[in-house]
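Commentary on secondary and tertiary structure
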Amino acid sequence: MSDLRTELKINIIEQLNLEDVKVQDIADDEPLFGDGLGLDSIDALELIVLLEKDYGIKLTEPQQGKEIFASVNRMAEFIEENRTM
């Protein structure tokens, strides 16, 4: 399960071009938006693309993103429950 979290962190860093961020800089339970990693709404769209491209998960409700992208832990749980690839 932790492998998925590490993979997610790598994918987030690559997808969002977070050049100054390293995998170990992102805590599993740290908020991705706001005070945590500091992502914004544009980044949320990129994460939606990442879910579809890498895990075959298509979000139909944009509001889902707010809950799903709360932390790496939450993203990993969602992917494990919904992945098609």
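Above this text you will find the structure in question.
Here we summarise the structure given alongside this text.

Definitions and cut-offs
- Position labels on residues start from 1 in each chain and follow its written sequence.
- Local features in this predicted model are restricted to residues whose pLDDT is 70 or higher, and side-chain atom pairs enter the listing and the counts only when it is 80 or higher, whereas totals over whole chains, interfaces and linings include all residues.
- Side-chain numbers here rest on the full set of heavy atoms in the structure, without hydrogens or water.
- Secondary structure elements follow DSSP: runs of H or I no shorter than four residues count as helices, runs of E no shorter than two count as strands, and numbering proceeds from the N terminus.
- Each radius of gyration reported is based on C-alpha atoms, and the globular scaling rule is 2.2 Å times the count of residues to the power 0.38.
- The classification of residues rests on relative accessible area computed with a 1.4 Å probe and restricted to protein chains. Under 20% of the type maximum is buried, over 50% is exposed, and intermediate values are partly exposed.
- For this analysis, residues touch if any pair of their heavy atoms sits within 4.5 Å.
- Working definition of accessibility: Shrake-Rupley area with a 1.4 Å probe, residue cover restricted to the visible protein chains.
- We treat Lys and Arg as the positive residues and Asp and Glu as the negative residues; His and chain ends play no part in the count.
- Note that the charge is assigned to NZ on lysines, CZ on arginines, CG on aspartates and CD on glutamates.
- Put simply, buried Ala, Val, Leu, Ile, Met, Phe, Trp, Tyr and Cys residues joined by side-chain atoms within 4.5 Å make one nonpolar core.
- Expected helix span is taken as 1.5 Å per residue step, with the number of steps being one fewer than the number of residues.
- What the arc describes is the spread of directions from the helix axis to the C-beta atoms.
- Counted as a polar contact is a pair of N or O atoms within 3.5 Å, where, for protein atoms, one must be capable of donating a hydrogen and the other of accepting one, and residues adjacent in sequence contribute only when both atoms are in side chains.
- We place a 1 Å grid over just the protein atoms. Points where a 1.4 Å probe fits but has no way out form a cavity, open points with protein on both sides within 12 Å along at least 5 of 7 lines form a pocket, and any residue with an atom within 4 Å of a point lines it.
- Grid points are joined across faces, edges and corners, and a volume is the space filled by probe spheres set on the points.
- Only Asp, Glu, Lys and Arg are considered charged in this grouping, and only Ala, Val, Leu, Ile, Met, Phe, Trp, Tyr, Cys and Pro are considered nonpolar; every other residue, Gly among them, is considered polar.

Observations concerning the overall build of the protein chain
Regarding its fold elements, the protein chain presents four helices and zero strands. Overall, the protein chain shows an N-to-C arrangement of helices and strands of α-α-α-α. Computed over the C-alpha atoms, the radius of gyration of the protein chain is 12 Å, within 12% of the 12 Å expected from 2.2 N^0.38 for a compact globule of 85 residues. Its C-alpha atoms give the protein chain principal-axis dimensions of about 30 × 25 × 20 Å. Taking all 85 residues of the protein chain together, 36% fall into the buried category. A sequence separation of at least 24 residues applies to 57% of the contacts in the protein chain between residues at least 6 apart. With the model as given, the accessible surface of the protein chain reaches about 5,200 Å², and the carbon-plus-sulfur share is 48%. In the protein chain, 8 side chains carry a positive charge and 20 a negative one; their mean positions are 3 Å apart.

As for the nonpolar core
Counting 22 residues, the largest nonpolar core has Leu8, Ile12, Leu32, Leu51, Tyr55, Phe69 and Met75 as the members making the most contacts within it. Among the elements of the structure, α1 (2-15), α2 (41-55) and α4 (72-82) are those that each provide at least two residues to this core. Examining the composition of this core, we find that five residues originate from one element, α4, more than from any other. Ignoring anything within four residues of it in the chain, the contact list for phenylalanine 69 reads Leu32, Phe33, Ala44, Leu47, Ile48, Leu51, Leu59 and Met75.

Looking at α2
In a regular helix each residue adds 1.5 Å, so 15 residues correspond to 21 Å; α2 covers 21 Å between its end C-alpha atoms and thus fits that length. For α2, the set of buried residues is Asp43, Ala44, Leu47, Leu50, Leu51 and Tyr55. Buried positions in α2, seen along its axis, are confined to an arc of 110° and lie on one side of it. Along α2, exposed side chains directed more than 90 degrees from the buried face belong to Ser41, Ile42, Leu45 and Lys53. Structurally, the start of α2 carries an N-cap: the backbone nitrogen of isoleucine 42 is 3.1 Å from a side-chain oxygen of aspartate 40. Within two residues after α2, glycine 56 carries a phi angle of roughly 70°, on the positive side.

Quick word on the layout of surface pockets
Here the largest pocket defines a volume of roughly 160 Å³. Every residue lining the largest pocket is listed: Phe33, Asp40, Ser41, Ala44, Leu45, Ile48, Pro62, Gln63, Gly65, Lys66 and Phe69. Looking at the lining of the largest pocket, the elements that each hand over two or more residues are α2 and α3 (62-68). Residue classes in the lining of the largest pocket are distributed as six nonpolar, three polar and two charged.

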